[in-house]
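Summary of structural features
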Amino acid sequence: MEQKKRLEEERRRSLDQIEELKKDDPFTDPDHASDNAAVDTDVREQVGHDTIEAQINDMQKRVGQIDSALRKINKNQFGYCERCKKAIPHARLELIPEASFCIDCEKHLRK
Ligand SMILES: [Zn+2]
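The structure reproduced in this document is the subject of the present report. (Residues numbered from 1 in each chain as written. Predicted model: local features only at pLDDT ≥ 70, side-chain atom pairs only at ≥ 80, totals over all residues. Heavy atoms only, no water.)

1. Topic: the overall build of the chain
We apply this condition: The helix and strand labels rest on DSSP assignments: H or I over at least four residues marks a helix, E over at least two residues marks a strand, and numbering proceeds from the N terminus. We compute the radius of gyration from the C-alpha atoms alone; for a globule the expected value is 2.2 Å times N to the 0.38, where N is the number of residues. Note on classification: 1.4 Å probe, protein chains only; a residue is buried when its accessible area is under 20% of the maximum for its type, exposed when over 50%, partly exposed between these limits. The accessible surface values rely on the Shrake-Rupley method and a 1.4 Å probe; as for residues, cover is taken only from the protein chains in view. Here Asp and Glu are counted as negative and Lys and Arg as positive; His is not counted, and neither are the chain ends. Working definition for charges: the position is that of NZ of Lys, CZ of Arg, CG of Asp or CD of Glu.
Assigned secondary structure in the chain consists of four helices and zero strands. Reading the chain from its N terminus to its C terminus gives the helix and strand order α-α-α-α. For 111 residues, the compact-globule estimate of 2.2 N^0.38 gives 13 Å, and the C-alpha radius of gyration of the chain, at 19 Å, exceeds that figure by more than 25%. With the C-alpha coordinates of the chain rotated into their principal frame, the extents come out at 60 × 35 × 20 Å. When the 111 residues of the chain are sorted by exposure, 27% land in the buried category. Carbon and sulfur atoms provide 50% of the accessible area of the chain, an area that totals close to 8,000 Å². Where the 21 positive side-chain charges of the chain centre and where its 24 negative ones centre are 14 Å apart.

Structure below.
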């Protein structure tokens, strides 16, 4: 199934990105704990850490969505709206393979 392959690729890419982000995190720098850097360096590292942490959180959320889409594929429930149970239009799945709702329900839920 093509969607499944796409989702698995996307999942792998997201996990790679999380690893990359973790490497950029100043807090994972082994010198961090021991350096007696000036206060402004610490502040900069804190901001960098917070930004990266927020990005990692977003990526992890995405991986979670992809996981649930993959679970649905395995249960043959993929492509159906979780709210109204109607089939999600193919064009939408092409765009967002991990979509759990049809466009109408998505709009409804965002209100
Ligand atoms: Zn729906």
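2. Some details on helix H2 (residues 39–74)
For clarity, the cut-off: Any helix carries an expected span of 1.5 Å times its number of residues minus one. Note on definitions: a residue-residue contact is assigned when non-hydrogen atoms from the two residues lie within 4.5 Å.
Here H2 spans 52 Å end to end across 36 residues, near enough to the 52 Å set by a 1.5 Å rise per residue. Of the residues making up H2, those classed as buried are Glu45, His49, Ile52, Ile56, Met59, Val63, Ile66, Ala69, Leu70, Lys72 and Ile73. The elements touched by buried residues of H2 are helix H1 (2–24). The positive-phi residue at the C-terminal boundary of H2 is Asn76, with phi of around 60°.

3. Section: the coordination of the zinc ion
Filter applied, for reference: Note on donors: an N, O or S atom is included if it sits within 2.8 Å of the metal, or within 3.2 Å for Na, K and Ca, and water is never included, so sites can look incomplete.
The protein atoms donating to the zinc ion are Cys81 (SG), Cys84 (SG), Cys102 (SG) and Cys105 (SG), with metal-donor distances spanning 2.3 Å. Written as a sequence motif, the donor residues of the zinc ion are C-x2-C-x17-C-x2-C. Of the two residues, Cys81 sits in the loop between H2 and helix H3 (90–95) while Cys105 sits in helix H4 (residues 103–110), which places them 24 residues apart along the sequence. Residue Cys105 is classed as buried on the basis of its relative accessible area, which comes to 3%.

4. Observations regarding a nonpolar patch on the surface
Here is the rule: Here the term patch refers to residues with relative accessible area over 30% and no salt bridge, with like charges joined within 9 Å and nonpolar side chains (Val, Leu, Ile, Met, Phe, Trp, Tyr) within 5 Å. When a carboxyl oxygen of Asp or Glu is within 4 Å of a side-chain nitrogen of Lys or Arg, the pair counts as a salt bridge.
A grouping of Val39, Val43 and Val47 is seen on the molecular surface, where their side chains present a nonpolar patch of about 280 Å² in accessible area. Among the secondary structure elements, Val47 is positioned in helix H2. Residue class for Val47 comes out exposed when judged on its relative accessible area of 51%.

5. What to know about the pattern of salt bridges
Once their charged atoms are close, side chains differing in charge can pair, the charge on each being opposite to the other. Applying the stated criterion across every chain, the model contains ten salt bridges. Glu94 serves as the salt-bridge partner of Arg6, at 3.7 Å between the closest nitrogen and oxygen. Note that Arg6 is positioned in helix H1 and Glu94 in helix H3, a separation of 88 residues in sequence. In this structure, Arg92 engages Glu106 in a salt bridge whose closest nitrogen and oxygen atoms are separated by 2.8 Å. With Arg92 in helix H3 and Glu106 in helix H4, this pair connects stretches of sequence that are 14 residues apart. Residue Arg92 is classed as buried on the basis of its relative accessible area of 12%. When its relative accessible area of 22% is taken as the criterion, Glu106 is described as partly exposed. Overlapping salt bridges bring together Glu10, Arg13, Arg62 and Glu98 as one network.

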